[in-house]
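Here is how the chains run, residue by residue.
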Amino acid sequence: MGTTAEPMIEVEQLTKSYAGRVVLDRISFQVTRGEVVGFLGPNGAGKTTTMRILCAYLPPTDGKVRVAGYDVVENPLAVRRHVGYMPENVPLYTDMRVEEYLEYRARLKGVPKKQLAERVAIVCEVCQLAEVRHRGIGALSKGFRQRVGLADALIHDPDLLILDEPTIGLDPHQIRSVRDLIRELGKKHTVLLSTHILSEVEATCSRVLIIHKGRIEAADTPENLSRLVRGGGSGCLRLEIQAMREEASRLLEEISGIEEVEVVDEKDSWVTLQLFAKPGEDIRDQVFDVVRQKGWRLREMSRQRASLEDVFVELTQD
């Protein structure tokens, strides 16, 4: 018999209200140990509120929340010992040196004095801060400051890392570097990652939670979520041919595996179409046969699968 993975986060019917306004509406989800989970949603959807409740910084209005087996209301200090939280805007003391700041944060988080130097050395190595550990935080670039914030979240060696927009404001090189670091951290820690950069989630996360207006709209792997989008399961075919639009649309719609034909562009004698396949259908051979039989000139035929961005937009648009 297989064993069920132990949950790191358990959320049951979580509700949070401010002055009568419901921010989280009875949401439920689980994150198991060792998962790297993307937590997505538009601004104001309830992501940051959820993360602060998970860190025992905010109390829930109703519902049950457990982290590493501890209730966030009954055992908030125990929860915080198991969680490393990196907020969107990392509140650093810019007049302190990196090493000095990390030692200070380690003491606040209960790291034993005899382990301070070792923990600081470890997180500086993991977060690639060795070259700046003796420099003042105020003199660091945005990328290095983000790394200091991540080192702070790691300093007490937590089981769970909760990262709120860890790459905000970084350039593409810095984003790639932090993304690689998160992927590496996921080998040892459970990670809950909130970000608006969806390619980041596709590259690092094994599962995705999408929240909208205080409710969980979807929770699955990026691959499975793509099936929620029109043509997502089999993708769609982009076709650019030299043909009459009406005739091309009519003949292509007669193909059994095609669910819908959409005209994207028409210029001169060329027409660009999106062909949405029915679930489980590969329509490429049939489409090519029609193009060849009609003698249409073919300039492009490319298969396009639904991206996480497509899923996000479809689930969160009003």
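Naming follows an unreviewed UniProt entry, where the chain appears as ABC-type transport system involved in gliding motility, ATPase component of Candidatus Methylacidithermus pantelleriae. Quoted straight from UniProt, the Sequence similarities (unreviewed entry) entry for the chain says "Belongs to the ABC transporter superfamily."

*Asks:* Even after reading the chapter, I still don't get the packing of helix H3 (residues 98-108) against helix H4 (residues 116-126), so can you show me in this structure?
*Replies:* The relative placement of two packed helices comes down to the angle between their axes together with the axis-to-axis distance. At a minimum axis distance of 10 Å, the contact between H3 and H4 shows a crossing angle of 120 degrees. Of the possible angle classes, the one that applies to H3 and H4 is oblique. By crossing handedness, the relation of H3 to H4 is classed as right-handed. Across the interface between the two elements, Glu99, Leu102, Glu103, Ala106 and Arg107 of H3 pack against Leu116, Val120, Val123 and Cys124 of H4. Partitioning the contact of H3 with H4 into residue classes produces six nonpolar, no polar and three charged.

*Asks:* What should I look at first to understand the pattern of salt bridges in this one?
*Replies:* Side-chain pairing between opposite charges can occur once the charged atoms of the two side chains come close. The tally for this structure, following the rule as stated, stands at 23 salt bridges. The residue Glu6 makes a salt bridge to Arg33 at a minimum N-O spacing of 3.3 Å. Within this pair, whereas Glu6 is found in the segment before strand E1 (7-18), its partner Arg33 is found in the loop between strand E2 (21-32) and strand E3 (36-40), the two being separated by 27 residues in sequence. Looking at Glu6, the relative accessible area reads 47%, which means it is partly exposed. Given the relative accessible area of 33%, Arg33 is considered partly exposed. Here the salt bridges share partners, and the residues they tie into one network are Glu10, Glu12 and Arg66.

*Asks:* Looking at this structure, I do not really get H4. What am I missing?
*Replies:* Helical geometry: 3.6 residues make up each α-helical turn, so side chains three or four residues apart lie on a common side. Residues of H4 that are buried include every one of Leu116, Arg119, Val120, Val123 and Cys124, and no others. Seen end-on, H4 carries its buried residues on one side only, within an arc spanning 130 degrees. Of the exposed residues in H4, those oriented more than 90 degrees away from the buried face are Ala117 and Glu125. After H4 finishes, the residue Gln128 shows a positive phi value of roughly 55 degrees.

*Asks:* Just to check I follow, could you spell out the nonpolar core for this structure?
*Replies:* By size, the foremost hydrophobic cluster in this structure holds 46 residues, and its most contacted members are Leu40, Val98, Leu102, Leu129, Val148, Leu150 and Leu163. Not counting chain neighbours up to four residues away, the residues in contact with Val148 comprise Leu92, Val98, Tyr101, Leu102, Leu129, Ile137 and Leu140. Membership of the second largest hydrophobic core comes to 29 residues, among which are Ala45, Val67, Val72 and Val79.

*Asks:* Looking at this structure, I do not really get the pairing of strand E11 (residues 236-242). What am I missing?
*Replies:* Among the seven residues in E11, five count as buried, and that is most of the element. As defined by bridge partners, E11 adjoins strand E13 (residues 270-277) across seven bridges and the pair is classed as antiparallel. Its bridge partner being in E13, Leu237 is matched across the sheet by Leu275. Two strands pair when backbone bridges link them, and E11 and strand E14 (residues 297-304) are joined in this way by seven bridges, in the antiparallel orientation. Within E14, the residue paired with Arg238 across the bridge is Ser302.

Cut-offs applied
Every chain is numbered independently, its residues counted from 1 as its sequence is written. For this predicted model, a pLDDT threshold of at least 70 governs which residues receive local features, and a threshold of 80 or more governs which side-chain atom pairs are given and counted, while totals over whole chains, interfaces and linings are taken from all residues. Excluding hydrogens and water, the side-chain figures rest on all heavy atoms present in the structure. UniProt positions are given in the numbering used here, feature names are shortened, and annotations may be inferred rather than shown by experiment. All axes are obtained by fitting lines to C-alpha atoms, using only the stretch in contact for helices, and the reported angles, taken between N-to-C directions, cover 0 to 180 degrees. Put simply, DSSP H or I for four residues or longer makes a helix, DSSP E for two residues or longer makes a strand, and each gets a number counted from the N terminus. When an angle is under 35 degrees it counts as roughly parallel; over 145 it counts as roughly antiparallel; between 65 and 115 it counts as roughly perpendicular; any other value is oblique. Two helices cross in a left-handed way if the nearer one is turned anticlockwise from the farther one by less than a right angle. They cross in a right-handed way if the turn is clockwise. Only heavy atoms matter for contacts: two residues are in contact if any of them lie within 4.5 Å across the pair. Amino acids outside the nonpolar list (Ala, Val, Leu, Ile, Met, Phe, Trp, Tyr, Cys, Pro) and the charged list (Asp, Glu, Lys, Arg) are all regarded as polar, and Gly is one of them. What makes a salt bridge here is a side-chain nitrogen of Lys or Arg within 4 Å of a carboxyl oxygen of Asp or Glu, nothing more. Partly exposed residues are those whose accessible area sits between 20% and 50% of the maximum for their type, while under 20% is buried and over 50% is exposed, using a 1.4 Å probe and protein chains only. Summarising the geometry, the arc corresponds to the directions from the helix axis toward the C-beta atoms. Think of a nonpolar core as a cluster: buried Ala, Val, Leu, Ile, Met, Phe, Trp, Tyr and Cys residues, connected wherever their side-chain atoms sit within 4.5 Å. If DSSP finds at least two bridges between two strands, the strands pair.

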